[in-house]
Amino acid sequence: MPSDFCLLLRQARILLPSGKFLLGDVQTCGRKISQVGPQISTSVDMEIDATGLTLLPGVIDPQVHFREPGLEHKEDLFTASCACAKGGVTSFLEMPNTRPLTITQEALDDKLQRAASKCLVNYGFFIGATPANLPDLRDAKPTCGIKIFMGSAHGDLLVDHEAVLEPIFAQGKRLIAVHAEDQARINQRRLEFAGITDPAIHSQIQDSQAALNATKLALKLSKKYQRRLHILHLSTAEEADLLRQDKPSWVTAEVTPQHLLLNSSAYEQMGTLAQMNPPLRALHDNQVLWQALLDGVIDFIATDHAPHTLAEKGKVYPNTPSGMPGVETSLPLMLTQAMQGRCSIAQVSNWMSTAPAKAYSIPKKGAIAPGYDADLVLVDLENYRPVLREEVLSKCGWNPFEGWKLTGWPVMTIVGGQIVYERGQLHTEVRGEALSFGDGEIGR
Ligand code: DOR
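Residues numbered from 1 in each chain as written. Predicted model: local features only at pLDDT ≥ 70, side-chain atom pairs only at ≥ 80, totals over all residues. Heavy atoms only, no water.

Asks: Would you mind going over the nonpolar core with me for this structure?
Replies: Residues Phe 92, Ile 148, Met 150, Val 178, Leu 229 and Leu 260 are the most contacted members of the largest nonpolar core, which totals 95 residues. The next biggest cluster of nonpolar side chains, apart from the first, holds 19 residues, and it includes Leu 9, Ile 14, Val 411 and Met 412. (Core = buried A, V, L, I, M, F, W, Y, C linked by side-chain atoms within 4.5 Å. Buried < 20%, exposed > 50% of the residue type's maximum accessible area, 1.4 Å probe, protein only.)

Asks: I keep staring at the state of the cysteines and nothing clicks. Help me out?
Replies: By definition, a disulfide links the sulfur atoms of two cysteine residues through a covalent bond. Under the criterion given, the structure shown has one disulfide. Between Cys 6 and Cys 29 runs a disulfide, and the two sulfur atoms are separated by 2.1 Å. The sign of the 115 degrees torsion about the S-S bond sets the Cys 6-Cys 29 disulfide as right-handed. You can see Cys 6 sitting in strand β1 (residues 6-15) and its partner Cys 29 sitting in strand β2 (residues 21-29), a full 23 residues away along the chain. For Cys 6, a relative accessible area of 12% puts it in the buried group. Judged by its relative accessible area of 28%, Cys 29 is partly exposed. Of all cysteine sulfurs in the structure, the one in Cys 119 sits closest to Cys 84, which takes part in no disulfide; the separation is 7.5 Å. (Disulfide = S-S within 2.5 Å. Helix = DSSP H or I, 4+ residues; strand = E, 2+ residues; numbered from the N terminus.)

Asks: Could you clarify how one ought to interpret the packing of helix α4 (residues 162-170) against helix α7 (residues 208-225) in this entry?
Replies: Packed helix pairs are specified by the crossing angle of their axes together with the interaxial distance, meaning the distance between the axes. One way to put it is that α4 packs onto α7 with a least axis distance of 9 Å and a crossing angle of 40 degrees. Of the possible angle classes, the one that applies to α4 and α7 is oblique. When you trace α4 past α7, the crossing you get is right-handed. In this structure, α4 contributes Glu 162, Leu 165, Glu 166, Phe 169 and Ala 170 to the contact, and α7 contributes Leu 217, Ala 218, Lys 220, Leu 221, Ser 222, Lys 224 and Tyr 225. (Axes fitted to C-alpha atoms, helices over the stretch in contact; angles between N-to-C directions. Parallel < 35°, antiparallel > 145°, perpendicular 65-115°, else oblique. Left-handed = near helix turned anticlockwise from the far one by under 90°. Contact = heavy atoms within 4.5 Å.)

Asks: I keep staring at the site of the ligand and nothing clicks. Help me out?
Replies: In the region of the ligand, 13 residues are neighbours, and Arg 67, Asn 97, Asn 277, His 308 and Ser 322 sit closest. The separation between an oxygen atom of the ligand and a polar side-chain atom of Arg 67 is 2.8 Å. Take Asn 97: an N or O atom from its side chain is 2.7 Å from an oxygen atom of the ligand. Coverage of the ligand by the protein amounts to 94% of the 290 Å² it exposes when considered alone. The residue inventory of the shell around the ligand, partitioned by class, reads three nonpolar, eight polar and two charged. (Near = heavy atom within 4 Å. Polar contact = N/O pair within 3.5 Å; in protein donor to acceptor, adjacent residues only side chain to side chain. Areas by Shrake-Rupley, 256 points an atom, 1.4 Å probe, with all protein chains shown as cover. Nonpolar A, V, L, I, M, F, W, Y, C, P; charged D, E, K, R; others polar.)

Asks: I tried to follow the sheet that holds strand β7 (residues 89-94) on my own but got confused; where do I start?
Replies: Remark on secondary structure: sheet strands pair via backbone hydrogen bonds, oriented parallel or antiparallel. What the three strands build is an open sheet, ordered β6-β7-β8; its pairing is parallel. Single-partner strands in this sheet number two, and they are β6 (59-64) and β8 (122-125). The mean inter-strand angle of the sheet, taken between neighbouring strand axes irrespective of direction, is 20 degrees. Each of β7 and β8 touches helix α1 (residues 77-87); the most contacted strand, β7, lies at about 135 degrees to it. (Pairing = 2+ DSSP bridges.)

Asks: Teacher, can you tell me more about unusual backbone geometry here?
Replies: The phi angle of most residues is negative, glycine excepted, and most peptide bonds adopt the trans form. With an omega of -10 degrees, the peptide bond between Asn 277 and Pro 278 qualifies as cis. In this fold, Pro 278 is placed in the loop between α10 (266-270) and α11 (283-294). Residue Tyr 317 is joined to Pro 318 through a cis peptide bond whose omega torsion reads 10 degrees. Positionally, Pro 318 belongs in the loop between α12 (310-313) and α13 (330-339). A positive phi is found at Ser 152, a non-glycine position, where the angle reads about 65 degrees. Among the structural elements, Ser 152 can be located in the loop between β10 (146-149) and α4. Residues other than glycine seldom take positive phi values, yet Lys 364 does so here, at roughly 60 degrees.

The values are spatial; any link to function lies outside them.
This is how it looks when you write it as structure tokens:
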């Protein structure tokens, strides 16, 4: 498509930045939204009749594991970005536990180059903290932030001692995102529960206390240095309660759809497919996390898309990897919740687009307004369709919500003014762009 290509979406139900809906038209020219109004009369290259459909800002998924380089048998940047396009995810922030680890400028540059050549949607990458890469953490760019695995990581990416964490919090300003689990407690409980092969034990080994301990430590260090902190995939009622009482303005937190919608009862049906880190918890945790999200204690939603093959998941616990895919179903999952009255469509869009854009200081994304990037998703809120394994685009070939009947499926996804997905068809020639990030000092 030429760079001055103009598109007109006609008579959509448009979600405006105010949270209200407008029945009207949106025009995009090149990569930007140029006009929004009740009826736009102008000549364009292509008109799309969006009658009966709802137009939302494209989803920004701020925590995914796309496996390239090094683990491409599970997923790669092309297959993952196809799955994003289908799921209405127009931008993603990807984690550093690839091979090699993304812990240097060189590894970051390599990922950016790979993404530029094969990603259908926009992309940004975290740099991973190790006990020994402080200069890289300070200087590498462009990056959305520093990822610290306080637990649940192997090898160099594990940074689990306060004495090693402290200088990372003390030096520099950029956002630190933590996977908060207490590795020492997990190690000790692995010994206590050794020999048990029922995957349900996973939630007891990596228990709520392990998550709470690490979240407390991250908060303590963030407060000591007033360091911008983001707590990834909050999973427990206890952490939500802690943040409700004590959440500095420079701290944000996220939750995954699976920690809202699934709990440890899922092991019975799903076995190791329900195994993830931090683990699924109890129904009570689902409820408290929902309330924290509704109340703004939790700021936004991420999928933690972490695909593993069915063969890997088919081993016997604890030899099974943790993680589940998410980008294809996160938006319909949450929109279905909205349609069932649990929250509003505007809240879903805020949690899945506007708020992550703000938290990571991504300019001109997360709203449908003139001058904003033309990253859009047109969804159908009227039809329910089940999640089917045979329709999964992620290379792992399965989804934790198979069989769930969802509405709000994307009908069309637009990235930078280009149609990348349309009624089941991908336009695989479309390429996203590298995201840019502000100084990450939001809320200070
Ligand atoms: O369950 C998980 N799997 N949680 C993580 O944080 C990492 C991920 C993975 O990379 O497989």
